[in-house]
Amino acid sequence: MRLRHRLFAVAALVVLVAIAFGGTSYILLRQYQSALYKERISNQIAFEVLQRRLLAGDYLLYPTERAKAQWQIRQQTVEQLIQGNLQIFASEKEKAYTLIIQQNTADTRENFDELVKVSESNQNVISDQATALSSLLSFNAQSAVTNATELQEINQHEAATALSRLIMLFSLAGTIFLAVLASGFKYIWHSAEELEKLDQTKDEFVSLASHQLRTPLTSIMLYSGMLADGYGGKLKSKQQELLDVVLFSTDRMRELVRVLLNIARVEAGRVTIQPKATDLHQVLKDILDEQKPKAAEKNITLIDTTTARIPIIHTDQNLLKELYTNPISNAIKYTPPKGTVTVKLELKDKMVFASVQDTGYGIPKREQRKIFTKFYRGTNIAKKEVVGTGLGLYLFKLVAENLGGEVGFTSTENKGSKFWFTLPLAGGPSRTGNTELEHTKGVA
Amino acid sequence: MATQTQKILIIDDDTMILKAYETIIASDGYQVRTASDGQEGLDVAAKFQPDLIVLDILMPVMDGITFLRNFKPKQHQNTKVVVLSNSASAKKLKGALELGAVDYIIKTEVKPEDIKTLVKHYLATS
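Each chain has its residues counted from 1, running along the sequence as written. Throughout, the order in which chains and ligands are written sets their labels, letters from A for the former and numbers from 1 for the latter. Note on the predicted model: pLDDT of at least 70 is required for a residue's local features to be given, and 80 or more for side-chain atom pairs to be given and counted; whole-chain, interface and lining totals, by contrast, use all residues. With hydrogens and water set aside, each side-chain value is computed from the structure's full complement of heavy atoms.

**Student:** Now, about the overall build of chain A: what can you tell me, with residues and values included?
**Tutor:** Along chain A, the regular secondary structure elements total 10 helices and 7 strands. Residue contacts are counted whenever heavy atoms from the two residues lie within 4.5 Å of one another. Considering only contacts in chain A between residues 6 or more positions apart, those separated by 24 or more positions represent 76%. When the accessible surface of chain A is summed, it comes to about 24500 Å², and 59% of that surface belongs to carbon and sulfur atoms. The way it works is that DSSP assigns letters per residue, a run of H or I at least four long becomes a helix, a run of E at least two long becomes a strand, and they are numbered from the N terminus. What sets the accessible areas is the Shrake-Rupley method with a 1.4 Å probe; for residues, cover comes only from the shown protein chains.

**Student:** Go over the side chain of Lys38 of chain A, please, and point to the residues and values.
**Tutor:** Residues and elements named next belong to chain A. Tracing the backbone through its elements, the reader meets Lys38 in helix α1 (residues 2-61). For the exposure calls, accessible area comes from a 1.4 Å probe over protein chains only, and a residue counts as buried if that area is under 20% of its type's maximum, exposed if over 50%, partly exposed in between. Residue Lys38 is classed as buried on the basis of its relative accessible area of 7%. Setting aside its immediate chain neighbours within four residues, Lys38 contacts Ile88, Phe89, Glu94, Asn155 and Glu158.

**Student:** Quick rundown of helix α1 (residues 15-26) of chain B? Include the residues and the values.
**Tutor:** Here a helix's expected span is defined as the number of its residues, less one, multiplied by 1.5 Å. The terminal C-alpha atoms of α1 of chain B lie 16 Å apart, and with 12 residues this matches the ideal 16 Å at 1.5 Å per residue to within 8%. Among the residues of α1 of chain B, Ile17, Leu18, Ala20, Tyr21, Ile24 and Ile25 of chain B are the ones counted as buried. Projection of α1 of chain B onto a plane perpendicular to its axis shows the buried side chains occupying an angular sector of 165°, all on one side. Seen from the buried face of α1 of chain B, the exposed residues on the opposite side, beyond 90 degrees, are Thr15 and Lys19 of chain B. Considering only its buried residues, α1 of chain B is in contact with α5 (214-228) of chain A together with β1 (7-11), β2 (31-35), β3 (52-56), β4 (80-85) and α5 (112-124) of chain B. Arc definition: it is the arc formed by the directions from the helix axis to the C-beta atoms.

**Student:** An account of the packing of aromatic side chains is requested, with residue identities and associated values reported.
**Tutor:** Residues and elements named next belong to chain A. The pairing test for Phe, Tyr and Trp rings, Trp by its six-membered ring, is centres within 6.5 Å, and the orientation test on the planes gives stacked under 30 degrees, edge-to-face over 60, and tilted for anything in between. A complete count under the given rule lists 11 aromatic pairs over all chains for this structure. With 3.7 Å between their ring centres and 15° between their planes, Trp71 and Phe112 make a pair best called stacked. Residue Trp71 is located in helix α2 (residues 65-85), and its partner Phe112 is located in helix α3 (residues 92-122); the two are separated by 41 residues in the primary sequence. On the accessibility criterion, Phe112 (0% relative accessible area) is buried. Centre to centre, the rings of Phe372 and Phe409 are 5.9 Å apart; their planes meet at 75°, and the pair counts as edge-to-face. On the criterion of sequence distance, the pair formed by Phe372 in the loop between β5 (351-358) and α9 (379-383) and Phe409 in strand β6 (residues 407-412) is long-range, its members being 37 residues apart. Here the two residues Phe372 and Phe409 agree in accessibility, since each one is buried. Over the ring of Phe353 we find Lys348; its NZ or CZ atom is 3.9 Å from the centre of that ring. A positively charged side chain is recorded as over a ring if its NZ (Lys) or CZ (Arg) lies within 6 Å of the ring centre. The angle to the ring normal must also be within 35 degrees.

**Student:** So what's going on with the sheet that holds β4 of chain B? Which residues, and what values?
**Tutor:** All names here are of chain B. The rule for pairing is simple: two strands pair if DSSP sees at least two bridges between them. Spatial ordering of the open sheet is given by β2-β1-β3-β4-β5, a layout of 5 strands whose pairing is parallel. The strands lining the two open edges of the sheet, one partner per strand, are β2 and β5 (103-106). Averaged over all adjacent pairs, the angle separating strand axes in this sheet is 20°, with direction ignored. Of the pairings in the sheet, the one linking β1 to β2 comprises 5 bridges and is parallel in character. Note that in β2 the partner of Ile10 across the bridge is Thr34. Packed onto the sheet, helix α3 (residues 64-71) meets β1, β3 and β4 and runs at close to 145° relative to β3. Between the N-to-C directions of two axes lies an angle of 0 to 180 degrees, each axis being a line fitted to C-alpha atoms and, for a helix, fitted only over the stretch in contact.

**Student:** Describe in detail the pattern of salt bridges, supporting the description with residues and values.
**Tutor:** By convention in these notes, a salt bridge is any Lys or Arg side-chain nitrogen within 4 Å of a carboxyl oxygen on Asp or Glu. This structure, assessed with the given rule, holds 14 salt bridges over all chains. Measuring nitrogen to oxygen at the nearest pair gives 2.5 Å for the salt bridge that ties Glu255 of chain A to Arg258 of chain A. Highlighted residues: Glu255 of chain A and Arg258 of chain A, both in helix α6 (residues 237-267), separated by 3 residues, approximately one helical turn. Here Glu255 of chain A and Arg258 of chain A have matching classes, each one buried. One salt bridge in this structure joins Asp28 of chain B and Lys116 of chain B, with 3.5 Å as the shortest N-O distance. In this pair, Asp28 of chain B is assigned in the loop between α1 and β2 and Lys116 of chain B in helix α5, connecting sequence segments 88 residues apart. One continuous salt-bridge network, built from bridges that share partners, spans Lys38, Glu94 and Glu158 of chain A.

**Student:** An account of a positive patch on the surface is requested, with residue identities and associated values reported.
**Tutor:** Residues and elements named next belong to chain A. Like-charged residues within 9 Å of one another, or nonpolar side chains (Val, Leu, Ile, Met, Phe, Trp, Tyr) within 5 Å, are grouped into patches, provided each residue has over 30% relative accessible area and no salt bridge. Two residue types count as positive, namely Lys and Arg, and two as negative, namely Asp and Glu; His and chain ends fall outside the count. Throughout, a charge is located at the NZ atom of Lys, the CZ atom of Arg, the CG atom of Asp or the CD atom of Glu. On the surface, Arg366, Arg369, Lys370, Lys383 and Lys384 cluster together into a patch of positive charge. With respect to the element layout, Arg366 can be found in the loop between β5 and α9. On the basis of relative accessible area, Arg366 is assigned to the exposed category, the value being 62%.

**Student:** Account for the side chain of Asn326 of chain A, naming residues and giving values.
**Tutor:** For Asn326 of chain A, the location among the structural elements is in helix α8 (residues 317-333). A residue is classified by how much of its surface remains accessible, and Asn326 of chain A, at 13% relative accessible area, is buried.

**Student:** Run through the interface of chain B and chain A, naming residues and quoting values.
**Tutor:** In many analyses, interface size is given as the accessible surface area lost on bringing the parts together. Opposite the 23 residues of chain B that make contact, chain A presents 19 residues. Here the buried area means the combined drop in accessible surface, using a 1.4 Å probe, for two parts upon being joined, counting both sides. Surface buried jointly by chain B and chain A totals about 1900 Å² across both partners, of which 56% is contributed by carbon and sulfur atoms. Counting every contact that joins chain B to chain A gives 0 salt bridges. Pairing of N or O atoms within 3.5 Å defines a polar contact, subject to two protein rules: one partner must be a possible hydrogen donor and the other a possible acceptor, and residues neighboring in sequence count only if both atoms are side-chain atoms. Taken together, chain B and chain A are joined by 3 residue pairs in polar contact (both at pLDDT 80 or more). At the level of secondary structure, the elements contributing two or more residues to the side of chain B that touches chain A comprise α1, α4 (90-98) and α5 of chain B. Polar here means any residue outside two lists: the nonpolar Ala, Val, Leu, Ile, Met, Phe, Trp, Tyr, Cys and Pro, and the charged Asp, Glu, Lys and Arg; Gly therefore counts as polar. When the residues that make up the side of chain B that touches chain A are grouped by side-chain class, the tally is 11 nonpolar, 4 polar and 8 charged.

**Student:** Give a description of the sheet that holds strand β7 (residues 416-424) of chain A that names residues and reports values.
**Tutor:** Residue and element names in this part refer to chain A. The strand order across the open sheet built from 5 strands is β2-β4-β5-β7-β6, with neighbouring strands paired in mixed fashion. The two strands at the open ends of the sheet, each matched to only one other strand, are β2 (301-304) and β6. Between one strand and the next, the sheet's axes are offset by a mean angle of 15°, whatever the strand orientation. Two elements, strand β4 (residues 340-348) and β5, share 8 bridges in a ladder whose sense is antiparallel. Bridged to Thr342 within β5 is Gln357. On the sheet, helix α7 (residues 280-297) packs against β2, β4, β5 and β7 and is oriented at approximately 170° with respect to β2.

**Student:** Let's hear about α2 of chain A: which residues, and what values?
**Tutor:** All names here are of chain A. Here α2 spans 30 Å end to end across 21 residues, near enough to the 30 Å set by a 1.5 Å rise per residue. Where α2 is concerned, the buried positions are Ala67, Lys68, Trp71, Gln75, Val78, Leu81, Ile82 and Asn85. The buried residues of α2 occupy an angular sector of 160° when the element is viewed end-on, so they sit on one face. Set apart from the buried face of α2 by more than 90 degrees, the exposed residues are Glu65, Arg66, Ile73, Gln80 and Gln83.

**Student:** Got a sec to walk through the nonpolar core? Specific residues and values, please.
**Tutor:** Counting residues in each nonpolar core, the largest one holds 46 residues, and the members touching the most others are Leu323, Tyr324 and Ile328 of chain A. Secondary structure elements with two or more residues in this core: α6, α7, α8, β4, β5, α10 (392-402), β6 and β7 of chain A. The contacts of Tyr324 of chain A, once residues within four sequence positions are left out, are Leu284, Ile287, Lys344, Leu345, Ala354, Val356 and Phe421 of chain A. Buried Ala, Val, Leu, Ile, Met, Phe, Trp, Tyr and Cys residues that are joined via side-chain atoms within 4.5 Å together make up what is termed a nonpolar core. Tyr30, Val32, Ile105 and Val110 of chain B belong to the second largest nonpolar core, which has 23 residues in total.

This is the structure in structure tokens:
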């Protein structure tokens, strides 16, 4: 759970950084783009006004129709460029320079037009009036060039600033990304280490519990056994009666420790699975023999209705015994006296189908989906005060899966249940583990 | 039948279990000595020359497997070793058999009567 929280936090951080980076880089890119555009336009203006300035000089030297036409084309280009792009120069400084250039351009046109008039009427451009006009024209044209150069510089600077901001953003984002990546990796590494430790702790728990829980249990069993055997003197019948409760409970406790350890072993995936050629029907008969005394106590009839000849299958015998004992001891436990438990082995779709049917208390319909959950016990049977832990069916399912099979059941409350499991005829999986299941008798 | 000459050494770190086993076995008239770890077990065994050793596996100082490696039951034809453990590791118990123990028993499965039967069984066949 904590690992998932961490991963979520890292992912959220990555998403946030990505959004911030995406947004900022979009804004900066747009700024850079517009700065580049302005730079291009201001370069064009600077180029055109310079060209116009030179053409004006040409005309002053040789006032031909061709020179006039060339000047007028340049003049028009400059006017169009400024008019068309006036709004893109947004800052006060840019606006001011642009307007001056525009004014210079208008003045220049006026000067030029007058100069043309003078030169065409007098056929003499060297008159005083012409000289005055040409110097005014030169001044205005030069002023336009100076201002255009200024505007060009402003925009070049702006473009350079936008570019350096972009570069800064990318290097910052790169650093943050690497930092997040490193911390994310650290978290995952750390969590993986914790998981490994947890796994180890689980393993250690199995061996610790098997030793630590059992050490006092062994003493209880030995000493109560010695008491029962008369090592402390002959017991009165009332004392014997009390001691029997101790002995019975100790037995249950032993069984409970076995079941808990078996679950821990199976959950850890460390149980050795060693398939061997197995006569399933013989295993069933052995288990029935083992369970017969308990059934007899409650006057329960055990019936084997197997008719099919069950072939030898390859499966782990230790796990199989655990698997098969569970539904049979359950059926005896949860069936009222004088009931019947029917077992049957069948062959179905490349599987052996083993079923155990009882005439017991059954499982309430609304609780049936929880039946294989750890610690679950039917509410109806809990009221009957039959002892149990709610671990048996959970282990039943785990063991069946370890053997490559499945489990299932059908049940009607107060009529009985039918539990079944399947095993592949082709044989089950094998595994080299470091522990084995202990046989339980279904006492707990 | 048991006689005073038959000697049994019990090695276990749990004093309560030692005491119980000692009481149960001694009640049949055997000579019983105890040791609370493998090292002490080796020392006692050297002097006491037991006919049967009842050996725990998980012990401090020297565990049962190390005891077996040092004691080498195969070189002590007159001494049989029965391993008692709560360890569920069948591998470990099988390892004990390979090292020369004659049998192994899971502690929690053994009742006082079973201990007597076990001792009688292994001493009768010696």
